[in-house]
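A structural walkthrough
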Amino acid sequence: MKPIIQATQVQFNYGAQVVLSGVDLTIHPGEIIGLIGENGAGKTTLLNLLLGLRTVKQGQLTVFDQRPGSMISKQKIGSMLQGDLPIRGVTVKDMLELAAVQYPNALKPTDLLAELELTPLAKRRLNALSGGQLRRVTFALALIGNPDLLFLDEPTVGMDTNAQQAFWQRINALKAQGKTMIITSHYLPEIQAVADRICLLQKGQIAFQGTFQALQQQYQQVEITCQTALPAATFMDLPGVTAVTKTGLQLQISSEAGDATLGALVPFLAQLKQVAVKRESLADIFVHLTKGAVA
Ligand SMILES: Nc1ncnc2c1ncn2[C@@H]1O[C@H](COP(=O)(O)OP(=O)(O)OP(=O)(O)O)[C@@H](O)[C@H]1O
């Protein structure tokens, strides 16, 4: 399948500050990419390059086989960027109608408002919306052109819990329709749940690209808990073990090589009860990978 986005050795700098370097990225139709990284890692800059708002300094970047910012790619992309402030004096419905005329396959504003449960806000001026309401309207603006490709930069910031749930339901529905998305978020459980692939940017470089499962496999930190009468010392020297604590019968083993440690526990299994293994979440792994790295 032909990729929608192809980045080869992309580099970008603001003056002397290199913000992105050596970025290779291929995104296929229907994929959801979770773009994560610390503050200042270069996520928004990458989205700006993909939108043609900034120009690549070195390397190649194509979107729908075109240079970023071309008319064809503009008509196929919907974006929700940080600090997006549409014209604030107009009403929600008028804003959507103004936006709709720019796209050949636009959705009907009233239908979209109904689908996103925004009809009660249709006649409200944008400057009379709360922060979370404005974010939801900005999402509607990203969808109005019925885009094939969506860039969503920290989309749920400011949304209340109900709005966030409705947002992720909508994202799953869009995924089912085959839309392609790049989503950045600092709420990593959201990214873990929705992304087909994670792309971790560190100081402007891609430090990891792949499924969450592949990241978990690469990062073998696990916590094993169980009940046993065996002394803690039995487990200290097993492969991968970094710490062992025991309180009463309750044993906790920390390991940096989960598969190796679990394998070495097999001979003891008859003496271990209620064994539980907790693998690291995306948020845990992110902390380990970025700890001490200042962007
Ligand atoms: N207009 C600009 N002029 C100069 N430097 C900039 C400009 N915009 C961003 N930068 C710098 O580029 C780097 C990358 O910024 P970017 O906004 O892409 O990071 P980010 O990963 O999106 O961060 P965050 O998670 O905080 O949104 C940062 O060091 C930032 O200070």
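Once a new chain begins, its residue numbering starts again from 1 and follows that chain's sequence as written. In view of the model being predicted, local features appear only for residues whose pLDDT reaches at least 70, and side-chain atom pairs are presented and counted only at 80 or more, with totals across whole chains, interfaces and linings using the full set of residues.

**Quick word on the nonpolar core**
Put simply, the test is: Residues of type Ala, Val, Leu, Ile, Met, Phe, Trp, Tyr and Cys that are buried and joined through C-beta atoms within 7 Å form what is called a nonpolar core. Residue burial is a threshold on neighbouring C-beta atoms within 10 Å of the residue's own C-beta, all placed from the backbone, with 20 or more meaning buried, 12 or fewer meaning exposed, and counts in between meaning partly exposed. Secondary structure elements are defined from DSSP: runs of H or I of at least 4 residues count as helices, runs of E of at least 2 residues count as strands, and each element is numbered from the N terminus. Once C-beta atoms have been placed from the backbone, residue pairs whose C-beta atoms lie within 7 Å are recorded as contacts.
Within the largest apolar cluster, 60 residues are counted, with the highest numbers of intra-cluster contacts made by Val10, Ile33, Leu35, Leu96, Ala140, Ile183 and Cys199. When residues of this core are assigned to their parent elements, the largest contribution, seven residues, is made by helix α5 (residues 131-143). Apart from the residues within four sequence positions on either side, Ile183 is in contact with Ile32, Gly34, Leu35, Leu152, Pro155, Ile191 and Ala195.

**A closer look at the sheet that holds strand β13 (residues 273-279)**
Worth spelling out the cut-off: Pairing between two strands is assigned when DSSP locates at least 2 bridges connecting them. Here the axes come from fitting lines to C-alpha atoms, over the contacting stretch only for helices, and the angles between their N-to-C directions go from 0 to 180 degrees.
One open sheet holds the four strands; their spatial order is β11-β12-β10-β13, and the pairing between them is antiparallel. Looking along the sheet, the strands with just one partner apiece sit at the ends: β11 (241-247) and β13. Neighbour-to-neighbour, the strand axes of this sheet turn through a mean angle of 15 degrees, independent of strand direction. Relative to strand β12 (residues 250-255), strand β10 (residues 222-227) runs antiparallel, the two sharing six bridges. Residue pairing for β12: Ile224 is matched across the bridge by Ile253. On the sheet, helix α10 (residues 258-265) packs against β10, β11, β12 and β13 and is oriented at approximately 140 degrees with respect to β12.

**Observations concerning the site of the ligand**
Here is the rule we go by: We call a residue near a molecule or strand when the C-beta position, derived from backbone atoms, sits within 6 Å of it. As a working rule, the residues Ala, Val, Leu, Ile, Met, Phe, Trp, Tyr, Cys and Pro are called nonpolar, Asp, Glu, Lys and Arg charged, and the rest polar, with Gly in that last group.
All residues adjacent to the ligand are Tyr14, Val19, Gly37, Asn39, Gly40, Ala41, Gly42, Lys43, Thr44 and Thr45. Broken down by element, the residue count for the shell around the ligand peaks at three residues, all from helix α1 (residues 43-51). Among the residues making up the shell around the ligand, the classes are represented as three nonpolar, six polar and one charged.

**Focus: the domain arrangement of the chain**
Stated formally: What counts as a domain boundary in this text is fixed by an automatic or database domain assignment.
Taken domain by domain, the chain comprises domain 1 (5-216) and domain 2 (220-279). Computed over C-alpha atoms only, the centres of domain 1 and domain 2 are separated by 43 Å.

**What to know about unusual backbone geometry**
Phi at Glu117 takes a positive value of approximately 55 degrees, unusual for a residue other than glycine. Looking at where Glu117 falls in the secondary structure, it is placed in the loop between α4 (109-115) and α5. Owing to 12 C-beta atoms within 10 Å, Glu117 belongs among the exposed residues under this scheme. In this structure, Gln274 is a non-glycine residue whose phi angle is positive, near 50 degrees. Along the chain, Gln274 turns up in strand β13. For Gln274, a count of 10 C-beta atoms within 10 Å translates into the label exposed.

**Considerations on the confidence of the model for the chain**
Low-pLDDT stretches of the model should not have their predicted coordinates read in fine detail. Test applied: Each residue carries a pLDDT value, the predictor's own confidence for that position, ranging from 0 to 100.
Residues of the chain with pLDDT of at least 70 account for 98%, and the chain-wide mean is 92. Looking across the chain, the model is least confident in helix α11 (residues 282-290), with a mean pLDDT of 84, and most confident in strand β7 (residues 180-184), with 97. Confidence metrics for the complex model read pTM 0.86 and ipTM 0.97.

**Remarks on the packing of helix α3 (residues 92-100) against α5**
Selection criterion: For classification, angles of less than 35 degrees are called roughly parallel, those exceeding 145 degrees roughly antiparallel, those between 65 and 115 degrees roughly perpendicular, and all remaining angles oblique. Definitions for this section: a left-handed crossing has its near helix turned counterclockwise from the far helix by less than a right angle. A right-handed crossing has that turn clockwise.
The contact between α3 and α5 brings their axes to 9 Å, and the two run at 25 degrees. By the criterion of interaxial angle, the relationship of α3 to α5 is roughly parallel. Where α3 crosses over α5, the two elements pack in a sense that is right-handed. In this structure, α3 uses Val92, Met95, Leu96 and Ala99 to contact α5, whose residues at the interface are Val137, Ala140 and Leu141. The residue inventory of the contact of α3 with α5, partitioned by class, reads seven nonpolar, no polar and no charged.

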